[in-house]
Amino acid sequence: SNEQEPKTKLKRHFFLVVIILAFVFLILGQLLGMGITSLIKLPFGEMDNATAFLFEYLSLVGIVILILVYCFFFDKKVFRSFLYIKQGGTKGNTFKKLGLGLLIGFLMNSLCVLVAFIHGDLQFNISKFSIIYMICAFFCVMVQSGAEELLCRGYVIGALRQRYPIWVALLINVIMFVVPHLNNNGISVLPVIQLALMALATGIMVCYFDSLWMAIGIHTAWNFTQNFIYGLPNSGHASESSILQLEDKSDSIFYDTVFGIEGTITATLCLVILCVALILIARKVKRV
């Protein structure tokens, strides 16, 4: 039994091992993704800024590949949490949950934009856009959002909750999500709070509803809606092509001209309400 003990320990996900591996996935995954997108870019030659912007989203595909390969070979339990799982009731990775996540992300983002618009902070024009471009944009955004969800909610939470209380997994997930965003354009206290709340909300979806797909849905819709429907900055990065074109903007508590609606009180309140609603639903389902 003494000979088997070291082997057993090696198989376990220790706290520091999970964090170190997460940063390895993040760094090496981005390098791998840059290599992959560089190869895909070759046939295009010179490209406009709008197309180049899509490749920025797509470059996180390396993170997806590394996490899927690692979990497939070394952590089957976490890998299974990525797959289609219909558990009935409020739980599971289903297309319904993915659709619900997309709807929530779209409605929350649109509400924040509407408040800023009514307040007079935003003025839009309808711009010319390509449907094919928008379809490609949605796919690229889902890759980017899926990569962040796989890393923080899929791997980090999935690994840590096997050995630690859920609050520990949620806390580390929040830190892992916020830290890479700290070098974004226009980052300040309010955007950091909003990023932490987004990580908490999607973390609750994974911990209590076993639905990584729902988390991917809300994250994808949030980013796609503000970047490619309303033409606003996503974490400080603005799209070159969108359905609506931002003609004029002004700073207020409802809109941050650098960071967008993510640096506003409206987005923060929306995410607080979402977190509270998810916790209440989770507690109700558990009692039942």
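Throughout what follows, the structure given in this document is the object of discussion. What you see as residue numbers is a count from 1 along each chain, following the sequence as written. Totals for whole chains, interfaces and linings use all residues, but because this is a predicted model, local features are given only for residues with pLDDT of at least 70 and pairs of side-chain atoms are given and counted only at 80 or more. To obtain the side-chain values, all non-hydrogen atoms of the structure were used and water was disregarded.

Of the pockets and cavities examined, the largest pocket occupies roughly 750 Å³. Lining the largest pocket are 32 residues, with Leu-60, Gln-144, Glu-148, His-181 and Asn-184 positioned closest to its centre. Those elements that provide at least two residues to the lining of the largest pocket are helix 2 (15-41), helix 3 (49-58), helix 7 (131-160), helix 8 (166-178), helix 9 (189-209) and helix 10 (212-229). Under the scheme used here, helices are H or I runs from DSSP no shorter than 4 residues and strands are E runs no shorter than 2 residues, and both carry numbers assigned from the N terminus. By residue number, the principal contributor to the lining of the largest pocket is helix 7, which donates 5 residues. Gly is placed with the polar residues, together with every amino acid not listed as nonpolar (Ala, Val, Leu, Ile, Met, Phe, Trp, Tyr, Cys and Pro) or charged (Asp, Glu, Lys and Arg). Along the lines of polarity and charge, the residues of the lining of the largest pocket split into 15 nonpolar, 14 polar and 3 charged. Within this model, the second largest pocket holds a volume of roughly 300 Å³. In this analysis a 1.4 Å probe is tested at points of a 1 Å grid over the protein atoms alone, and where it fits but cannot get out there is a cavity; an open set with protein on both sides within 12 Å along at least five of seven lines is a pocket; lining residues have an atom within 4 Å of a point. Around the second largest pocket sit 16 residues that line it, and Lys-77, Ser-81, Gly-158, Arg-161 and Asp-210 are the ones nearest its centre. Broken down by secondary-structure element, the contributors of at least two residues to the lining of the second largest pocket are helix 5 (76-80), strand 1 (85-88) and helix 7. Residue composition of the lining of the second largest pocket, by class: 4 nonpolar, 7 polar and 5 charged. Grid points are joined across faces, edges and corners, and a volume is the space filled by probe spheres set on the points.

The next subject is helix 6 (residues 95-118). With 24 residues, helix 6 should cover 34 Å at 1.5 Å per step; its first-to-last C-alpha distance of 34 Å lies within 8% of that length. Just downstream of helix 6 lies Gly-120, where phi reads positive at about 90°. To estimate how far a helix should extend, the number of its residues minus one is multiplied by 1.5 Å.

What follows covers the pattern of salt bridges. Whenever a carboxyl oxygen of Asp or Glu lies within 4 Å of a side-chain nitrogen of Lys or Arg, that contact is scored as a salt bridge. For the coordinates displayed, the defined rule picks out 3 salt bridges. For the salt bridge of Lys-91 with Asp-210, the shortest nitrogen-to-oxygen distance reads 4.0 Å. You can see Lys-91 sitting in strand 2 (residues 91-93) and its partner Asp-210 sitting in the loop between helix 9 and helix 10, a full 119 residues away along the chain. Residue classification places Lys-91 among the partly exposed positions, given a relative accessible area of 32%. When the shortest N-O distance is used, the salt bridge between Glu-149 and Arg-153 registers 2.7 Å. Highlighted residues: Glu-149 and Arg-153, both in helix 7, separated by 4 residues, approximately one helical turn. Assessed through its relative accessible area of 0%, Arg-153 is described here as buried. Ionic contacts of the salt-bridge type, sharing partners, join the residues Lys-91, Arg-161 and Asp-210 into one network. Buried means the residue's accessible area, taken with a 1.4 Å probe over protein chains only, is under 20% of the maximum for its type, while exposed means over 50%, and partly exposed covers the values in between.

Taking 1.5 Å per residue as the helical rise, helix 4 (residues 61-74) with its 14 residues ought to reach 20 Å, and the 20 Å between its terminal C-alpha atoms agrees with that figure. Those residues of helix 4 not exposed but buried are Val-61, Gly-62, Ile-63, Val-64, Ile-67, Tyr-70 and Cys-71. By definition in these notes, contact holds between two residues if any of their heavy atoms fall within 4.5 Å. Considering only its buried residues, helix 4 is in contact with helix 2, helix 3, helix 5 and helix 7.

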